[in-house]
Amino acid sequence: MAKLNGGQLIERVFEKEGVKYIFGIPGGHIYPMMESCDENNIKFIGVRHEMNAAFMAEGWALTTGDVGVCTGTAGPGFTNLITGVANASANCVPLLCMGGKARVAEYDRNELQDFNQIDIVKSMTKHSRSVLEGHRIPEYIGRAIAEATSDRPGPVYMEIPRNIMESDYDEESVEFQNTYRISGKPAGNPADIAKAAALLDAAERPIIVAGSGAFWSGAAEELTAFVEKSGAPIFTRNAGRGIVPDSHPQAIGIGASKHPIFAGVAQKADVIVIVGTRTGYTMTRDVFPKTAKIIRIDINAAVLADQLDVEVGIVGDCKEVLKQLTDTITQKNREAWVNGINEAKNNLAQMVLPMLTSDQNPIHPVRLVFEIMQRVDENTIVVIDGGDTASWGNLLIPAPGPGQYLTIANGSFGPLGVGVPYAMAAKLAHPEKKVILLTGDGAFGYGAMEYDTAMRYGINFTTVILNDGCWGMIKRSEAKRSLAAGTNVEKDPVGLFLREDVRYDQVVEALGAHGEYVTEAAEIGAAIDRAIASNKPAVVNVKTDWICWICFPLPASVLFRSDTNRVLLTWKMHMPESPANAAL
């Protein structure tokens, strides 16, 4: 009779459920699982810090739509994973965290790395369990994956004591189910569908806002069909960015309340269809006018009335509900409404054109973003990290497709450092695609040593660093606060400066990667092209000016410069006065 240890039992379930990678750092408590998986084509990716392992697992989920798996040994290995687990919790990302655990006989005896882990992680997971019976390992692992990916997704946690992980079990005495997940999804109530369809048919200025729920339900095709039949413009957000690509004629861009186009359009909409996304930090409830009738779709009934008064709330899986709505609504041509919004977009582009083409030195951040924009196509995955760097990137860089736009702005938790691990996971998931990461110099510091990981596993992606020598978002917010208070905005800020002369390109070169250093705007594009063509992990270190464009909220926008923190320019945003766009 064949014997299987605890790690082999885990591997059998992982194989059945399609797990391809595990991200972590080796440890004795988890080694049997690592070894068995690696021997059976479930590759272990050994990182340099467990926080980045959790971010890689999250990045895998965000680019594939399926559960990502991370692991850390007991004690400090587990605690290092926590930031990533917390981010997955805030962002509703399906993540399975496998924690090592001391032997049962070592509990509460001050033994090595014995620690009460499960009480810490319970508050940030959908499901947390400690497996105390080896024969039940497949049952527990299978259920954990189902919990992570079902209904509203989220992180789950499993820990297996070392003695149970290492013990052998008779294969015939262990029960394996044929499947641990079902494919069926709940549809919406037909009466709610009919009411929503009637509202949408009667609307003059409807908009659609689609978020993570649409992505996790795999609704790209259904959402596109709904958008095209309704004739309505669509904004995408969070994990849903690009689920209808920004290249689509009805796709306007990011659905964030601080984005000038979304804010202006939402205020004039008469019907708003919210598909699988929540209000909060990046999409505040005040962006929606009281006069608008809201149709909201979510798999969680409690979310439907959260912070918003809705005209129709539809409980169900986004994919199934969108099918129902598309079958029920009338084909509409709302070309004038969509064209007016696109006219406003073009006007905004003209307003920022001087920055897009600026040759100033130090380099203007928008010029850097513009060079990246020109290199984004349908075969590109965009990753964005940082504070103000992310604000610039999310404002301007298009989302090419589903799972092809991974960003720190995916939710409200906002942990710096997601960029490098997200980019590595995206490249592992889509080796045929070009992966470009835009990050700030501060954020890059969290994952710089993962370039060693990228070299060891042959993970080729290109990082472009907006190097302005400071923690820009905090510097900007403090400058704005001082300005509003009428205090001296030229005094030295506390703790906000980084070294301006750090050669991050040389750091990664020392690890074997490709590096580029850019100080002139005209050199940016060629440097990025060389980095991509190097067929190696690469960094393009771009020396930029600290300029923060505060366009939030409109209509007032303010520019600051790094040398004095003084206000340089205040302007108001003007939309075209065409009849189609008069509402904006």
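Residues numbered from 1 in each chain as written. Predicted model: local features only at pLDDT ≥ 70, side-chain atom pairs only at ≥ 80, totals over all residues. Heavy atoms only, no water.

Asks: Lay out the overall build of the protein chain in plain terms, naming residues and giving numbers.
Replies: Each helix and strand in the protein chain was counted, giving 21 helices and 23 strands. Expressed as a percentage of contacts within the protein chain between residues at least 6 apart in sequence, the contacts between residues at least 24 apart total 72%. (Helix = DSSP H or I, 4+ residues; strand = E, 2+ residues; numbered from the N terminus. Contact = heavy atoms within 4.5 Å.)

Asks: Run through the sheet that holds strand E19 (residues 514–518), naming residues and quoting values.
Replies: Across the sheet, which stays open at both edges, the six strands sit in the order E16-E15-E17-E18-E20-E19 with parallel pairing between neighbours. Two strands close off the open sheet at either side, each with one partner strand: strand E16 (405–407) and E19. Adjacent strand axes in the sheet meet at a mean angle of 15 degrees, parallel and antiparallel pairs treated alike. In this sheet, strand E20 (residues 538–543) lies alongside strand E18 (residues 462–467) in parallel orientation, the contact comprising six bridges. Within E20, the residue paired with Asn467 across the bridge is Lys543. Those strands touched by helix H14 (residues 365–373) are strand E17 (434–440), E18 and E20, and its axis lies near 165 degrees from that of E18. (Pairing = 2+ DSSP bridges. Axes fitted to C-alpha atoms, helices over the stretch in contact; angles between N-to-C directions.)

Asks: Before we move on, could you go through the environment of Asp170 and cite the residues and values that matter?
Replies: With respect to the helices, strands and loops of the structure, Asp170 is situated in strand E8 (residues 168–170). On the basis of relative accessibility, which here comes to 25%, the residue Asp170 falls in the partly exposed class. The sequence separation of Asp170 and Asn5 amounts to 165 residues, and the corresponding C-alpha distance is 8.9 Å. There is a polar contact of 2.6 Å between the side chain of Asp170 and the side chain of Lys3. (Buried < 20%, exposed > 50% of the residue type's maximum accessible area, 1.4 Å probe, protein only. Polar contact = N/O pair within 3.5 Å; in protein donor to acceptor, adjacent residues only side chain to side chain.)

Asks: How would you sum up the sheet that holds strand E5 (residues 95–101)? Please name residues and give values.
Replies: Within the open sheet, the six strands sit side by side as E3-E2-E4-E5-E7-E6. Their pairing is parallel. Unpaired on one side and paired on the other, strand E3 (43–46) and strand E6 (127–130) mark the two borders of the sheet. Across this sheet, the average inter-strand angle for adjacent strands is 20 degrees, counted without regard to direction. Direction of pairing for E5 relative to strand E7 (residues 155–161): parallel, over a ladder of seven bridges. Paired with Leu95 across the strands is Pro155, a residue of E7. In the packing of helix H2 (residues 31–39) onto the sheet, contacts are made with strand E2 (21–24), E3, strand E4 (68–72) and E5, and the angle to E3 comes to roughly 125 degrees.

Asks: I'd love a proper account of the packing of aromatic side chains, names of residues and values included.
Replies: Summed over the entire model, instances satisfying the criterion amount to nine aromatic pairs. Ring centres 6.1 Å apart and planes at 15 degrees place the aromatic pair Tyr21 and Phe23 in the stacked group. Neither residue differs from the other here; Tyr21 and Phe23 are each classed as buried. When the ring of Tyr451 is compared with that of Phe461, the centres are 5.2 Å apart and the planes differ by 45 degrees; the resulting orientation is tilted. (Phe/Tyr/Trp six-rings, centres within 6.5 Å; stacked < 30°, edge-to-face > 60°.)

Asks: Can you tell me about the pairing of E2, naming the residues and giving the values?
Replies: The side-chain alternation of E2 yields two buried faces, one formed by Tyr21 and Phe23 and the other by Ile22 and Gly24. Inspection of the sheet shows E2 paired to E3 by four bridges, in the parallel sense. Within the sheet, the bridge partner assigned to Gly24 lies in E3 and is Gly46. For the crossover from E2 across H2 to E3, the handedness is right-handed. (Right-handed = clockwise from strand over helix to strand, strands pointing away.)

Asks: I'd love a proper account of the pattern of salt bridges, names of residues and values included.
Replies: Scanning the model with the defined rule gives 24 salt bridges in all. The shortest N-O distance in the salt bridge between Glu516 and Arg530 comes to 2.9 Å. Residue Glu516 is located in strand E19, and its partner Arg530 is located in helix H21 (residues 524–533); the two are separated by 14 residues in the primary sequence. Among the charged side chains, a salt-bridge network with shared partners connects Asp359, Arg367, Glu371, Arg375 and Asp529. (Salt bridge = Lys/Arg side-chain N within 4 Å of Asp/Glu carboxyl O.)

Asks: Break down the environment of Ser128 for me, citing the residues and quoting the values.
Replies: For Ser128, the position within the fold is in strand E6. Classification of Ser128 as buried rests on a relative accessible area of 8%. Setting aside residues up to four positions removed in sequence, Ser128 forms contacts with Ile118, Val121, Lys122 and Tyr157. A polar side-chain atom of Ser128 sits 2.4 Å from a polar atom in the side chain of Thr125.

Asks: Provide a residue-level description of the pairing of E20, including the pertinent values.
Replies: Counting buried positions along E20 gives six out of six residues, so the element sits mostly inside the fold. Side chains of E20 alternate between two faces, with Ala538, Val540 and Val542 and Val539, Asn541 and Lys543 buried alike. By the bridge criterion, five bridges tie E19 to E20 in an arrangement that is parallel. Considered in E20, the bridge of Gly515 is made with Val539. As a crossover connection, the stretch from E19 through H21 into E20 is right-handed.

Asks: Outline helix H8 (residues 190–202), supporting the account with residue identities and numerical values.
Replies: In a regular helix each residue adds 1.5 Å, so 13 residues correspond to 18 Å; H8 covers 19 Å between its end C-alpha atoms and thus fits that length. For H8, the full list of buried residues reads Ile193, Ala196, Ala197, Leu199 and Leu200. The buried residues of H8 all sit within an arc of 160 degrees when viewed along its axis, so they share a single face. Among the exposed residues of H8, those oriented more than 90 degrees off its buried face are Ala191 and Ala202. Structurally, H8 contributes buried residues whose contacts are with strand E9 (206–210), helix H10 (220–230), strand E12 (271–275), strand E13 (293–298), strand E14 (312–315) and helix H12 (318–328). (Expected span 1.5 Å × (residues − 1). Arc of directions from axis to C-beta.)

Asks: So what's going on with the confidence of the model for the protein chain? Residues and values would help.
Replies: For the protein chain, the average pLDDT comes to 90, and 89% of its residues sit at 70 or higher. Across residues 549–584, confidence stays below pLDDT 50; counting only partners more than four residues off in sequence or on other chains, it has 91 contacts. (pLDDT = per-residue confidence, 0-100.)

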